[in-house]
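Remarks on the overall topology
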Amino acid sequence: KNGITRYDGLEFQNVPLVNQQEVEVFDLLQTVDGQIWAATSAGLYRHETSGFTKLGPATGAPQNKIHCLLESRSGNLMLGHQNGLSIQTAPTQFEEAPKAGLTTGEITSIQHRAQGGFWVASLAGGLHRFDGDRFQVLPSSDGLRNAVIFDMEYDRSGNLWIATLAKGVAIR
């Protein structure tokens, strides 16, 4: 809680979240244009010279818990949050993605798919493929042993590692 810390190789420095007392930071992302973003328990923050500033409701950015951030191959920021998925449409504008096929709203992790589109993990709805218009859940018969997913990451061989609750890690 209480923001973000930067380490320059010699010392730690607190970087404030402007106008916010206690916020949990869940994810950080630097986009290819050099912009640094923070996913927090109170919404989306962007780094500016004065510190991290929250993007308000007028931007379309969620004002609640954002779990994860991903920059799409086309350069748009994607936000996984407790109500679904939001996609950047302009530098400081976001829209919610369609929810068709999404089994639960709380998105915890997003990864690119080699075949195009995205893998989207949810807190209780399992693993989904997302093509930009619709979600498709992967059935448990594919081998995923728990529908509660916290995170995903690719290894060097292109395997997708999936961190789940209680039953360990799944590999796809």
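Please read all numbers here as calculations on a predicted model, not as lab measurements.

With respect to the overall build of the protein
- Within the protein, the regular secondary structure consists of zero helices and 17 strands.
- Against the 2.2 N^0.38 benchmark of 16 Å for 172 residues, the protein shows a C-alpha radius of gyration of 16 Å, consistent with a compact globule.
- Buried residues in the protein amount to 41% of all 172 residues.
- Sequence-distant contacts, at least 24 apart, represent 37% of the contacts inside the protein between residues at least 6 apart.
- When the accessible area of the protein is evaluated, it comes to approximately 9,300 Å², of which 48% is carbon and sulfur surface.
- Between the averaged position of the 14 positive side-chain charges in the protein and that of its 17 negative side-chain charges there is a distance of 7 Å.

Topic: the sheet that holds strand β9 (residues 84-90)
- Within the open sheet, the four strands sit side by side as β7-β8-β9-β10. Their pairing is antiparallel. On the outer flanks of this sheet lie β7 (66-71) and β10 (93-96), each paired with one strand and no other. Pairwise comparison of adjacent strand axes, ignoring direction, gives a mean angle of 25° for this sheet.
- Sheet topology note: the β7/strand β8 (residues 77-81) ladder contains five bridges and is antiparallel. Residue pairing in the sheet places Ile66 in a bridge with His81 of β8.

Focus on the pattern of salt bridges
- If you walk through the whole model with that rule in mind, you get two salt bridges.
- One salt bridge connects Glu96 with Lys99, and the closest N-O pair in it is separated by 3.5 Å.
- The class of Lys99 is partly exposed, set by a relative accessible area of 43%.

Some details on the packing of aromatic side chains
- All told, the structure shown has three aromatic pairs when counted by the stated rule.
- For the ring pair Trp37 and Phe94, a centre distance of 6.3 Å and an interplane angle of 85° mean the geometry is edge-to-face. Here Trp37, found in strand β4 (residues 36-40), pairs with Phe94, found in strand β10; they are 57 residues apart in sequence, far enough to count as distant.
- One Lys or Arg, Arg113, reaches over the ring of Trp119 and ends 4.9 Å from the middle of that ring.

About the cut-offs
Residues numbered from 1 in each chain as written. Predicted model: local features only at pLDDT ≥ 70, side-chain atom pairs only at ≥ 80, totals over all residues. Heavy atoms only, no water. Helix = DSSP H or I, 4+ residues; strand = E, 2+ residues; numbered from the N terminus. Rg over C-alpha atoms; globule rule 2.2 N^0.38 Å. Buried < 20%, exposed > 50% of the residue type's maximum accessible area, 1.4 Å probe, protein only. Contact = heavy atoms within 4.5 Å. Areas by Shrake-Rupley, 256 points an atom, 1.4 Å probe, with all protein chains shown as cover. Lys, Arg positive; Asp, Glu negative; His and termini not counted. Charge placed at Lys NZ, Arg CZ, Asp CG, Glu CD. Pairing = 2+ DSSP bridges. Axes fitted to C-alpha atoms, helices over the stretch in contact; angles between N-to-C directions. Salt bridge = Lys/Arg side-chain N within 4 Å of Asp/Glu carboxyl O. Phe/Tyr/Trp six-rings, centres within 6.5 Å; stacked < 30°, edge-to-face > 60°. Lys NZ or Arg CZ within 6 Å of the ring centre and 35° of its normal.

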